Amino acid sequence: TSLGYPTHYIPLLNDVCKFASVTNAAWSGGTMAYLPKSTERFTYKSFPGAIDENQEAVANADICFVFYGTNDLTDQVPIGKMSDKMSLSDINNSSFMAGMQFGINYIRSLNEDVNIVFMNLLTRTYTYSGEITLQDYNEAIHEICKTYMVKELDVNSLFDEKEFYLYSNDGLHLNPEGYKVLVDYILTRKINK
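None of the values given here were measured: they were computed from a predicted structure.

Description of the environment of Glu 177
- Assignment of secondary structure puts Glu 177 in helix α7 (residues 176–187).
- Expressed as a C-alpha distance, the spacing of Glu 177 and Leu 166, which sit 11 residues apart in the sequence, is 7.9 Å.
- Setting aside residues up to four positions removed in sequence, Glu 177 forms contacts with Leu 166 and Tyr 167.

Listed below in structure tokens is the structure:
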């Protein structure tokens, strides 16, 4: 599948690492939560849906980077709790934590040796409305990564909110300079188990 825009972090990372193959399973508007009944999202536009649509790629992967959550924040998807469960046939919308836990378990059922690496939500100047904060989602990511012994990269710490305009043209998505900062950070982290 497409690697995305040429200045996106995936092709920039691939330029250095020279992966044997790369699959970008992310979709614009995708959520960590599985939201099959949502009128604004399609079933496959979720972390669990991305795994389901890319089972072969996941089964053969050495590393699986997961960078979801921005649209959950915008949509104010409930964080949920560790005891939340979901399935792909579930007719109810899942919580953020249910989607994340399901996704981790699904990846591991397809490939027990893969390195799963979550990146938390980035700082932003783009406004959203609601009571659930970016920090709330990042705390949920941290809690689940710790519980499931999954690597977490704190990309939120890379950008100061006051200077984020230097790394983003719209206050939400990184620009080429921002993606370079992100790739440099990833390359200095130990991501093996």
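Further notes follow.
Concerning the packing of helix α5 (residues 96–110) against helix α6 (residues 134–148)
- Where α5 meets α6, the closest approach of the two axes is 10 Å, and the angle between their N-to-C directions is 35 degrees. Crossing hand, α5 versus α6: right-handed. Contacts from Phe 96, Met 97, Met 100, Gln 101, Ile 104, Asn 105 and Arg 108 in α5 reach Tyr 137, Ala 140, Ile 141, Glu 143, Ile 144, Cys 145 and Tyr 148 in α6.
- The residue makeup of the contact of α5 with α6, split by class, is 10 nonpolar, two polar and two charged.

Topic: the pattern of salt bridges
- Tallied over the entire structure, the rule returns one salt bridge.
- Residue Asp 84 pairs with Lys 81 through a salt bridge whose shortest N-O separation is 3.3 Å.

Conventions and cut-offs
- Residues numbered from 1 in each chain as written.
- Predicted model: local features only at pLDDT ≥ 70, side-chain atom pairs only at ≥ 80, totals over all residues.
- Heavy atoms only, no water.
- Helix = DSSP H or I, 4+ residues; strand = E, 2+ residues; numbered from the N terminus.
- Contact = heavy atoms within 4.5 Å.
- Axes fitted to C-alpha atoms, helices over the stretch in contact; angles between N-to-C directions.
- Left-handed = near helix turned anticlockwise from the far one by under 90°.
- Nonpolar A, V, L, I, M, F, W, Y, C, P; charged D, E, K, R; others polar.
- Salt bridge = Lys/Arg side-chain N within 4 Å of Asp/Glu carboxyl O.

Read these as geometric descriptors, not functional statements.
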